[in-house]
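If you want the building blocks of each chain, they are given just below.
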Amino acid sequence: MRKHRLLFWFLLLLAITSCTPSSSGKGGSFFEPDIEALLRTLDNDIKHKDHYLELRFHTVDSLRTLKQQARTLDERYDRNHQLVEEYMTLMCDSALAYARENVRLAEEMGDRNRYQKSQIYLLRAFSQAGLFMNVDEEIRMGDTAELDTMLHVLYCWAQIQLDEHLLTYNEGNDTMTRQYQERIVAYRDTLLELLPEGTGIWEKEKAFRLQANGDYQGALDILLPLFETEQPNTRSYGLNAMSKARIYRAMDDRDNALRELAIAADMDIRLGVQENEAIFALSQMMYDCHDYDRAYIYATEAMRDAERFNSRFRFSQISGAYSVFKNMYISELSRHERVQYRILIVLMFVSFLLVGTVGVLLRERRRLHSTQRKLAKANESLRESNLQLDDMARIREYYITYLIALNSTYADKLEDFRKAVNRKLRAHQYEDLMQQSSRPLGEDLEEVYEKFDQTFLSLYPTFINDFNALLEPSARYSTINRRLTTEQRIYSLIRIGINESSQIANFLHLSTQTIYNYKHRVRSHALSKDTFEQDVMKIGE
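The notes below deal with the structure included here. All of these numbers come straight from a predicted model, not from anything done at the bench.

Looking at the overall build of the protein chain
When you go through the protein chain residue by residue, the secondary structure sums to 24 helices and zero strands. Considering the protein chain as a whole, with its 541 residues, one finds that 41% of them fall into the buried category. For the protein chain, the proportion of contacts with a sequence separation of at least 24, taken over those separated by at least 6, is 66%. Accessible surface for the protein chain amounts to roughly 29,400 Å². Of this, 53% is attributable to carbon and sulfur atoms.

Rendered as structure tokens:
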């Protein structure tokens, strides 16, 4: 009878254990063997991700060196274009900066073709960064019908990418969704007219058009033979895998979607791509498959990529889903822990048979607590990132207002000056005109600095006192006059993110050496010389 009782408790324990949700797919119990092999390859490459990124940045540094050696505008433009291509999937803010520079270089060269090409790449950079409002403000394409065929094709692709991002950004708005879907279809139709019929790229666009119409099998029938010729470990190989994954997901073909997403995510990591749609989509599928460990790892990698990529669009897209995902994950872990407690109760009656099992469960508890601590740290990191974004938005709004007011003021002054010049020219008062036009800019610059001080101190009202707190008592500045000194103005520019001495010098109408001397003199009186500029950046947080 005693043996039967022990057997009963043992079977009860097995039943409860079998109901316990697994939080790891590492045993391969969820997936087909080939899918598990692809996921393990991805898991291993994630561990070496920093190495792959280092290789990518080495390539970028080489291009930057070549740009510095460029002697002509043509060479500078070409090197810039290579940098835009590299940064477009690495750091979108850098891609944006180089694209803007190329627009300026094309204008300086008077090269209409290069100007239009640079505008298209600038449009792509805005789309990647999520700066959708800037598109209407800065993109000046003119009549797209006048573009040559290749540029028109590039323009259509850029617009499709923009509309796809806007489609995601406005998810839930049926009116906007229909509008962007119709625009995407229109651009696809234009591409089919522009591209040579029967070529591989024309066939791809035809497949994407079928996909937009819901004919997924028809799209696959075209794409699969085309993609067979692609070489592994290339960017196009990863992009093609992502294209197939989208179709398989639309068809609810889980296994094929997982295969292609694993390949696409792994290609992104190996090639140092931080535009991370694939790994985030894979994390969502891992969660749906109850592989919680991989879901958390992949989502965390996606969040890190979004932060380094510096795209507001990607960050907002991922952070919102990541927050929901994380809360659900914590809830699942808590439920898992409650089940473990029930198992421990059973173990109280059968402990002399299952001492080993008790040890395993205790280790599992410690692992769960460790994971929760990691999640808490990740939540704090996310909160700090959100605060930084809020601070950046606040600074931007203040300085947009400041620039608008300043431009309006100087527009009025320019108009008054124009009228005065016309009057003196009509009156032949050339000597007075020469004297007036030779007037130094001191008063105007002082007005600019006064308005800058007012705007900056409205953003950081305690800046003067906080700045003094970083200096030795003998070197502190007066707090009576609510105006910044030149030294304080230099460090106020650093506080809002302008770190280059050349940019600071241009704004303050001083030489770069003078800026260096001011900074050196202030730093020499700092309480902590090594971390002084970092301490200044923390003022107002």
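Having seen the structure, we can now continue with the description.
Some remarks on the packing of aromatic side chains
Within the structure shown, the criterion is met by 13 aromatic pairs. Aromatic side chains F463 and F467 sit 5.5 Å apart centroid to centroid with 20 degrees between the ring planes, which places their arrangement in the stacked category. Note that F463 and F467 are positioned in helix α20 (residues 463–469) at a spacing of four residues, about one turn of the helix. Per residue, the accessibility class of F463 equals that of F467, and both read buried. Taking the centre distance of 5.6 Å and the plane angle of 45 degrees together, the rings of F467 and Y491 count as tilted. Within this pair, whereas F467 is found in helix α20, its partner Y491 is found in helix α21 (residues 486–495), the two being separated by 24 residues in sequence.

What to know about helix α11 (residues 216–227)
Owing to its 3.6 residues per turn, the α-helix brings residues three or four apart onto one side. Between its first and last C-alpha atoms α11 spans 16 Å; for 12 residues at 1.5 Å apiece the expected length is 16 Å, and the two agree. What α11 keeps buried is the set G218, A219, L220, I222, L223 and F227. Buried positions along α11 lie against α10 (200–212) and α12 (235–250).

A short note on α12
Between its terminal C-alpha atoms α12 stretches 23 Å, which fits the 22 Å expected from 16 residues at 1.5 Å a residue. Among the residues of α12, those classed as buried are G238, N240, A241, M242, S243, K244, A245, I247 and Y248. Elements that come into contact with the buried residues of α12 comprise α10, α11, α13 (254–270) and α14 (277–288). Looking at the residues trailing α12, positive phi occurs at D252, about 60 degrees.

Here's the deal with empty space enclosed by the protein
Empty space among the atoms can be located by rolling a probe the size of a water molecule over them. Applying the stated criterion across every chain yields a total of one cavity of 30 Å³ or more. Ranked by the residues each element gives to the lining of the largest cavity, the list is headed by α13, at three residues. Of the residues that constitute the lining of the largest cavity, the class distribution is three nonpolar, one polar and three charged.

What about the nonpolar core?
In terms of nonpolar packing, the biggest core is built from 51 residues, with L39, L258, L282, M286 and Y298 touching the most fellow members. Examining the composition of this core, we find that nine residues originate from one element, α13, more than from any other. Ignoring sequence-local partners within four residues, the contact set of M286 consists of F31, L39, L258, D291, R294, A295 and Y298. Residues L53, C92, L147 and W202 belong to the second largest nonpolar core, which totals 48 residues.

As for the environment of G142
As for its placement among the helices and strands, G142 is situated in the loop between α7 (132–138) and α8 (149–169). Given the relative accessible area of 59%, G142 is considered exposed. The spatial distance from the C-alpha of G142 to the C-alpha of Q116 is 8.8 Å, given a sequence separation of 26 residues.

Quick word on the packing of helix α4 (residues 73–87) against helix α5 (residues 92–109)
Where α4 contacts α5, the axes come no closer than 8 Å and their chain directions differ by 155 degrees. Here α5 runs roughly antiparallel to α4, going by the angle between their axes. Here α4 runs over α5; the crossing is left-handed. Residue-level contacts link L73, D74, R76, Y77, N80, H81, L83, V84 and Y87 of α4 to C92, S94, A95, Y98, A99, E101, N102, R104, L105, A106, E108 and M109 of α5.

Notes on unusual backbone geometry
In the Ramachandran plot, D252 falls in the positive-phi region, its phi being about 60 degrees despite a non-glycine side chain. Its location among the elements puts D252 in the loop between α12 and α13.

What about the pattern of salt bridges?
Under the definition given, this model contains 37 salt bridges. Salt-bridge contacts for R114 lead to D78; the nearest nitrogen and oxygen are separated by 3.5 Å. In this pair, R114 is assigned in helix α6 (residues 112–129) and D78 in helix α4, connecting sequence segments 36 residues apart. When the shortest N-O distance is used, the salt bridge between E205 and R188 registers 2.7 Å.

Definitions and limits used
Residues numbered from 1 in each chain as written. Predicted model: local features only at pLDDT ≥ 70, side-chain atom pairs only at ≥ 80, totals over all residues. Heavy atoms only, no water. Helix = DSSP H or I, 4+ residues; strand = E, 2+ residues; numbered from the N terminus. Buried < 20%, exposed > 50% of the residue type's maximum accessible area, 1.4 Å probe, protein only. Contact = heavy atoms within 4.5 Å. Areas by Shrake-Rupley, 256 points an atom, 1.4 Å probe, with all protein chains shown as cover. Phe/Tyr/Trp six-rings, centres within 6.5 Å; stacked < 30°, edge-to-face > 60°. Expected span 1.5 Å × (residues − 1). 1 Å grid on protein atoms, 1.4 Å probe; cavity = no way out; pocket = protein on both sides within 12 Å on 5 of 7 lines; lining within 4 Å. Points joined across faces, edges and corners; volume = space filled by probe spheres on them. Nonpolar A, V, L, I, M, F, W, Y, C, P; charged D, E, K, R; others polar. Core = buried A, V, L, I, M, F, W, Y, C linked by side-chain atoms within 4.5 Å. Axes fitted to C-alpha atoms, helices over the stretch in contact; angles between N-to-C directions. Parallel < 35°, antiparallel > 145°, perpendicular 65-115°, else oblique. Left-handed = near helix turned anticlockwise from the far one by under 90°. Salt bridge = Lys/Arg side-chain N within 4 Å of Asp/Glu carboxyl O.

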